[in-house]
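Summary of the model geometry
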Amino acid sequence: MLLAIDFALLLEKLILVVVVVFASLGIAMYTTFAERKVAAILQDRRGPNRAGPFGLLQPLADGMKLFFKEEIIPDFSSKFLFVMGPALAMLTACMTSAVIPWGDKIDFFGRSVDLQIADVNIGILYVFGVVSLGVYGIMIGSWASNNKFSLMGGLRAASQIISYELAMGISLIALLMITGTLSLKEMVVQQQHGYWNVVLQPLGFLIFLVCAFAECNRTPFDLPEAENELIGGYHTEYSSMKLGFYLFSEYINMFISSVVMATLFFGGYDIPFFDESVLAPNLAAILGIVALMTKVIAFIFLFMWVRWTIPRFRYDQLMHLGWRILIPLALFNMLATGGVILYFNK
Amino acid sequence: MQALTNKAKQVDRAPMSFIEKMYLPAIIKGMSITFSHIFKKKPTINYPEKTRPFSPVFRGMQILNRDAEGRENCTACGLCAVACPAEAITMEAAERQHGEENLYREEKYAAKYEINMLRCIFCGLCEEACPKDAIYLSETFTPADYQRKQFIYSKNDLLIPHPQENPEAYKKALGNRANKITVN
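Residues numbered from 1 in each chain as written. Chains lettered and ligands numbered in written order. Predicted model: local features only at pLDDT ≥ 70, side-chain atom pairs only at ≥ 80, totals over all residues. Heavy atoms only, no water.

For chain B, the helix and strand inventory stands at seven helices and five strands. Counting helices and strands in the order they occur from the N terminus, chain B gives α-α-β-α-β-β-α-β-β-α-α-α. If one aligns the C-alpha atoms of chain B with their principal axes, the spans along those axes are about 95 × 45 × 35 Å. For chain B, buried positions account for 29% of its 184 residues. Taking the contacts inside chain B whose residues are at least 6 apart along the sequence as the reference set, 72% of them involve residues at least 24 apart. (Helix = DSSP H or I, 4+ residues; strand = E, 2+ residues; numbered from the N terminus. Buried < 20%, exposed > 50% of the residue type's maximum accessible area, 1.4 Å probe, protein only. Contact = heavy atoms within 4.5 Å.)

Written as structure tokens, this is what we have:
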């Protein structure tokens, strides 16, 4: 029975997992650099430019600094949960990338390799499940710190993420009604042959985008770590690399949600206005990855651009927007989409 | 109440219209403003690589000048010390001996010349008072230090490099400011 396992497949997937995890770590690392640089440029400053050429070694220096900081675990904290918080946040952030199709099949010495770790037929549900686990990292960490500011931040994070997940889910239902599948790979294939989903679901995309900002705890929804109200929010008591993990998981989340948005609404690895099937399959797959990454970078830039434009919401405004505007709007979008599908198909 | 300027604006307390309640036009407007800042010129100068040019009237650290043959100009007349409003300058005069003609331009010279940089206000009156073009304020900053006594600059700190032995350093220390002063 043991011999029946396809070891080549196992190896292939293992390599893919390692590459994807390390690539997303690397991208998250340079997103921190890009964040500082974009912030500087949008504010007429220069940004980090001392470490290495154009300051490109800055994220390494930041990482080194975090490693060498003193590791403090507060006396009154519950130690196990205190360590588990950032670990969980990091783990869930890295897990999401498993179902994302990074490109088409690539032909590798006669073996056709799928550039996706797992083509699960419930792909998008898996993403949702793992992303909503991510809030536990924040909640556990904030609870374990035994600090009222941390707890406030954690509570805010929990209620914010739960509120916005609803609108996000409902806006996604409208999309699923159009595509008729939960597999991300299939969605991309559909968009390659038809229109991008953003054309068919502009309102749905807008709702999804706003909710993605809230899920990632990015400005204007960065209430969980509102520095000027809550010191550091849920990571007030954290130091050294545990703090680094929290901050880092946030950037990985940003990267992953950009990838998910690009895949769901902007055709994933599809090159716009171009038929990939005329190219050699390997070249097409590589160009597909480039196309996906371009879209992702555009989204990450959007995240940063919004951060330096829109100030933080007040807490009641946040709840008002989530429950009284986005959810009704998402429901309306769902009903309207259903109506249109019914009208045209029957 | 009458406004002093025409900048005062009446606060508009009308309820928001539907478009305003949607926030999106305002958000797009705001984002276009931040985006336009990408193309603006940055006022920052990359300091150690690039320095801002000094103003022509900039007055920095004092320098004791030499003539073209490298002889010290100062004759220890004390006019600078008298002119100094902060009383930062002290000196001791000495008579030039035989064989020292290549060191000092005239028969009398300053054996000791000290400026207390903590007192100096960089007014430039010493430069104006000097009849021998021996002291002027250069285009260099007074460097920071850890001890107060380090700020009492002696002749070693103040003398300009020798123009023949070290012409490049001499030129650099001379700067642009010395050229503007007409030598009498």
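The structure having been displayed, the exposition proceeds.
At the junction of the two partners, chain A supplies 15 residues and chain B supplies 16 residues. Around 1400 Å² of area is buried between chain A and chain B when both sides are counted, 63% of it from carbon and sulfur atoms. For R50 of chain A, the salt bridge is made with E49 of chain B, and the minimal N-O distance between the two is 3.1 Å. For the interface between chain A and chain B, the tally reads seven residue pairs in polar contact (both at pLDDT 80 or more). Of all the secondary-structure elements, those providing two or more residues to the side of chain A that touches chain B are α1 (7-42) and α11 (281-307) of chain A. When residues of the side of chain A that touches chain B are assigned to their parent elements, the largest contribution, four residues, is made by α11 of chain A. Partitioned by chemical class, the residues of the side of chain A that touches chain B number nine nonpolar, two polar and four charged. (Buried area = accessible area lost by both parts, 1.4 Å probe. Salt bridge = Lys/Arg side-chain N within 4 Å of Asp/Glu carboxyl O. Polar contact = N/O pair within 3.5 Å; in protein donor to acceptor, adjacent residues only side chain to side chain. Nonpolar A, V, L, I, M, F, W, Y, C, P; charged D, E, K, R; others polar.)

Let us now look at helix α2 (residues 58-68) of chain A. Residue and element names in this part refer to chain A. Within the sequence span of α2, burial applies to Q58, P59 and L66. Buried positions in α2, seen along its axis, are confined to an arc of 100° and lie on one side of it. In α2, the exposed positions that point more than 90 degrees away from the buried face belong to F67 and F68. Considering only its buried residues, α2 is in contact with α1 and α10 (240-265). (Arc of directions from axis to C-beta.)

This brings us to the pairing of strand β3 (residues 108-116) of chain B. Residue and element names in this part refer to chain B. Note that strand β2 (residues 89-95) and β3 share seven bridges and pair antiparallel. Residue pairing across strands places E92 opposite K112, the latter belonging to β3. Note: β3 against strand β5 (residues 152-153), two bridges, orientation antiparallel. Bridge pairing in β5 links N116 to I152. (Pairing = 2+ DSSP bridges.)

All names here are of chain B. Counting through the fold element by element, I135 comes out in strand β4 (residues 135-137). For the pair I135 and I152, spaced 17 residues apart in sequence, the C-alpha separation works out to 16 Å. For I135, the contacting residues outside a window of four places in its chain are Q62, I63, L64, Y113, I115, C126, E127 and C130.

A few words on the sheet that holds β3 of chain B. Sheet architecture is open: three strands sit in the order β2-β3-β5 (chain B), paired in antiparallel fashion. For this open sheet the edge positions go to β2 and β5 of chain B, each flanked by a neighbour on one side alone.

Following the criterion strictly, the structure yields 14 salt bridges over all chains and no others. For the salt bridge of E71 of chain A with K242 of chain A, the shortest nitrogen-to-oxygen distance reads 2.4 Å. One end of the pair, E71 of chain A, is in the loop between α2 and α3 (79-95); the other, K242 of chain A, is in helix α10, and 171 residues separate them in sequence. The exposure class of K242 of chain A is buried, given its relative accessible area of 11%. One salt bridge in this structure joins R71 of chain B and E69 of chain B, with 3.7 Å as the shortest N-O distance. Residue class for E69 of chain B comes out partly exposed when judged on its relative accessible area of 49%. Salt bridges linked by common partners bring E35, R218 and R307 of chain A together as one network.

Model confidence for chain A is summarised by a mean pLDDT of 84, while 98% of its residues fall at 70 or above. Ranking the elements of chain A by mean pLDDT puts helix α9 (residues 227-230) of chain A last, at 71, and helix α8 (residues 202-215) of chain A first, at 89. (pLDDT = per-residue confidence, 0-100.)

For the rest of this paragraph, the subject is the side chain of T263 of chain A. Residue and element names in this part refer to chain A. Its location among the elements puts T263 in helix α10. T263 gets classed as buried once you look at its relative accessible area, which sits at 1%. A distance of 2.7 Å separates the side chain of T263 from the backbone oxygen of V259, its partner in a polar contact. With near-sequence residues (within four places) excluded, T263 lies in contact with I100, P101, L184, V188, Q191, G268 and L292.

Below, the discussion takes up the packing of aromatic side chains. All names here are of chain A. Applying the stated criterion across every chain, the model contains 20 aromatic pairs over all chains. With 5.3 Å between their ring centres and 55° between their planes, Y164 and F221 make a pair best called tilted. With Y164 in helix α5 (residues 148-179) and F221 in the loop between α8 and α9, this residue pair connects regions lying 57 residues apart in the sequence. F221 carries the same exposure label as Y164, and that label is buried. Cluster of aromatic residues (ring-pair linked, three or more members): W196, F205, F208, F265, F266 and F299. (Phe/Tyr/Trp six-rings, centres within 6.5 Å; stacked < 30°, edge-to-face > 60°.)

All names here are of chain A. Across the interface, α8 lies against helix α12 (residues 315-345) with an axial gap of 10 Å and an inter-helix angle of 150°. Accordingly, the angle class assigned to the pair α8 and α12 is roughly antiparallel. Regarding α8 and α12, the two cross each other, and that crossing is left-handed. For the pair formed by α8 and α12, the contact residues are L203, G204, I207, V210 and C211 on the first element and L321, L326, L329, A330, F332 and N333 on the second. (Axes fitted to C-alpha atoms, helices over the stretch in contact; angles between N-to-C directions. Parallel < 35°, antiparallel > 145°, perpendicular 65-115°, else oblique. Left-handed = near helix turned anticlockwise from the far one by under 90°.)

Attention shifts here to the nonpolar core. If you look at the biggest cluster of nonpolar residues, it comprises 72 residues, and the most contacted ones within it are I124, F208 and L264 of chain A. Ranked by residues supplied to this core, first place goes to α10 of chain A with 12 residues. Once residues lying within four places of it in the same chain are set aside, the contact partners of I124 of chain A are L172, L176, L182, L184, M187, V260 and L264 of chain A. Counting 22 residues, the second largest nonpolar core, distinct from the first, contains M61, L64, C84 and A86 of chain B. (Core = buried A, V, L, I, M, F, W, Y, C linked by side-chain atoms within 4.5 Å.)

Okay, unusual backbone geometry next. Residues and elements named next belong to chain B. Unusually for a residue other than glycine, E87 sits at a positive phi of about 55°. Topologically, E87 is positioned in the loop between α3 (79-83) and β2. What makes E87 exposed here is its relative accessible area of 62%. One non-glycine residue with positive phi stands out, namely F122, at about 55°. Position of F122 among the secondary structure elements: in the loop between β3 and α4 (125-129).

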